[in-house]
Amino acid sequence: MKVGFIGTGKIGTALVKGLLHAGIAGQEIFVYAGGHESARQLAAQNDLQVVNDYAEFATCQAVVVAVGGPIIETIIKELGQRYHGIILSTGGGDLTKVNQDLPAGSSFVKIVPNTPVQIGEGITAVSFVPNEQAEVVEPVKAILALLGEVYIVPEKLLGIYGTVAGCAPAYVDLMIEALSDAAVQNGVNRAESYPLIEKMLLGTAKLALAEHKLPEELKDEVTTPGGSTIRGVVKLEEMNFRNALIQAINASAK
Ligand SMILES: NC(=O)C1=CN([C@@H]2O[C@H](COP(=O)(O)OP(=O)(O)OC[C@H]3O[C@@H](n4cnc5c(N)ncnc54)[C@H](OP(=O)(O)O)[C@@H]3O)[C@@H](O)[C@H]2O)C=CC1
Ligand SMILES: O=C(O)[C@@H]1CCC=N1
């Protein structure tokens with residue numbers, strides 16, 4: 001399975017690492033270098049193929065455009081003229097319009113991966129044009145499944161799936177940092193606090209997934225009447241914790 005990349009910044013690199021983590025050989029991954037030194041460095045470090053002309057993606061099953069901003073439309077247009085195959089974009093483009101404008105033999109698909117794809121624990125939301133052909137859908141699913149869970153969603157929901165799965169890791173990182181500060185304030189060694197908190201988060205999430213229990217049921221199992229947990233829960237309510245998260249998602253989703 002050969003996959004190409006234009007843009008090897010944060011999410012492009014996470015996707016490349018995820019494919020390598022899944023056992024894809026470096027020589028099966030093609031990165032466009034152009035004038036981008038970071039792409040050359042990533043290629044050198046991982047024995048990837050370096051491409052300087054989009055036509056060199058010819059043997060790739062898909063090319064991922066992991067670039068943000070308005071330049072993406074131009075890149076996709078130029079790529080579509082020199083490569084005929086599946087084009088995945090992490091950064092936008094109108095699904096219907098881009099597909100209409102691409103030459104026959106090319107398909108445009110939008111994806112929103114999250115950073116845990118680099119260790120095969122990611123979530124990628126993906127949108128195809130309605131009634132996309134199986135020869136496009138199946139290889140895309142196969143590639144993304146190497147990186148974790150895949151959610152196929154209508155384009156109008158791609159933003160919110162991408163926000164909840166793709167932006168919220170940063171909120172969780174903030175929470176880890178804040179919990180660590182509180183642990184340190186109360187005498188825990190900083191270095192020990194991180195794995196303590198990270199394992200707590202992982203275990204809590206795994207329990208919810210394994211038991212198929214609602215969060216309120218799981219919360220109830222922790223909150224001893226008159227105990228310490230409920231005091232913390234009440235304090236979080238006072239501080240508007242849940243509303244802060246709702247507003248954060250809404251702000252990211254705008
Ligand atoms: N980070 C994340 O978790 C996620 C990001 N996204 C989206 O993906 C897109 C990229 O995000 P992210 O990786 O964070 O951004 P970065 O800025 O980290 O990466 C963008 C990369 O694109 C390269 N680049 C810019 N222009 C070109 C070009 N014309 N040809 C080739 N490469 C180019 C840049 O190289 P150089 O630095 O050399 O200019 C850089 O390496 C954004 O739209 C973002 O919203 C989607 C899901 C998750
Ligand atoms: O912050 C961003 O814009 C991107 C989109 C999803 C995650 N990061």
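Residues numbered from 1 in each chain as written. Chains lettered and ligands numbered in written order. Predicted model: local features only at pLDDT ≥ 70, side-chain atom pairs only at ≥ 80, totals over all residues.

This brings us to the overall build of the protein. The number of helices and strands found in the protein is 10 helices and 8 strands. C-alpha extents for the protein along the principal axes are approximately 65 × 40 × 30 Å. Of all 254 residues assigned to the protein, the portion counted as buried reaches 29%. At a minimum sequence separation of 6, the contacts of the protein that also span at least 24 residues come to 56%. (Helix = DSSP H or I, 4+ residues; strand = E, 2+ residues; numbered from the N terminus. Buried ≥ 20, exposed ≤ 12 C-beta atoms within 10 Å, placed from the backbone. Contact = placed C-beta atoms within 7 Å.)

With 50 residues, the main nonpolar core has Leu15, Val31, Ala62, Val63, Val64, Val65 and Leu88 as its most contacted residues. Considering every element that reaches this core, the biggest residue donor is helix H1 (residues 10-21), with 5 residues. Excluding residues within four positions of it along the chain, valine 63 makes contact with Gly4, Ile6, Phe57, Leu79, Tyr83, Gly85 and Ile87. (Core = buried A, V, L, I, M, F, W, Y, C linked by C-beta atoms within 7 Å.)

Around ligand 1, 22 residues are found, and the nearest of them are Gly7, Gly9, Lys10, Gly68 and Gly91. Among the elements of the structure, H1, helix H3 (71-82) and strand E6 (107-113) are those that each provide at least two residues to the shell around ligand 1. Its residues placed into classes, the shell around ligand 1 shows 9 nonpolar, 12 polar and 1 charged. (Near = placed C-beta within 6 Å. Nonpolar A, V, L, I, M, F, W, Y, C, P; charged D, E, K, R; others polar.)

Another aspect to go through is helix H6 (residues 155-185). End to end, H6 covers 45 Å across 31 residues, agreeing with the expected 45 Å (1.5 Å per residue, within 8%). Along H6, the helix axis deviates most sharply at alanine 168, where the bend reaches about 45°; the proline proline 169 sits within four residues downstream. Burial in H6 covers these residues: Tyr161, Gly162, Ala165 and Gly166. Positive phi appears at glycine 187, one or two residues downstream of H6, with a value of about 105°. (Expected span 1.5 Å × (residues − 1). Bend = angle between axes of the 7 residues up to and from the residue.)

What follows covers the pairing of strand E7 (residues 122-127). The buried count for E7 comes to 6 of 6 residues, which makes it a mostly enclosed element. Across the two faces of E7 the burial is the same, with Gly122, Thr124 and Val126 and Ile123, Ala125 and Ser127 all buried. Of the strand pairs in this sheet, E6 and E7 are connected by 4 bridges, and their pairing is antiparallel. Bridge pairing in E7 links valine 112 to alanine 125. Direction of pairing for E7 relative to strand E8 (residues 148-152): parallel, over a ladder of 5 bridges. Counterpart to alanine 125 in the pairing with E8 is tyrosine 151. Crossover E7 to E8 through helix H5 (residues 134-145) is right-handed. (Pairing = 2+ DSSP bridges. Right-handed = clockwise from strand over helix to strand, strands pointing away.)

Pairing is mixed in the open sheet, where 8 strands are placed in the order E3-E2-E1-E4-E5-E6-E7-E8. Since the sheet does not close on itself, it has two edges, and those belong to strand E3 (49-51) and E8, each with one partner. On average, each strand axis in the sheet is inclined to that of its neighbour by 25°, with strand direction left out of account. Note that strand E1 (residues 3-6) and strand E4 (residues 62-65) share 4 bridges and pair parallel. Looking at the pairing, glycine 4 lines up with valine 63 of E4. (Axes fitted to C-alpha atoms, helices over the stretch in contact; angles between N-to-C directions.)

With that out of the way, let us pick up the environment of threonine 229. Within the secondary structure, threonine 229 sits in helix H9 (residues 228-238). Residue threonine 229 is classed as partly exposed on the basis of its 13 C-beta neighbours within 10 Å. When the C-alpha positions of threonine 229 and lysine 219 are compared, they lie 9.1 Å apart, and in sequence the two are 10 residues distant. Ignoring any residue separated from it by four or fewer positions in sequence, one finds threonine 229 in contact with Val222, Thr223 and Thr224.

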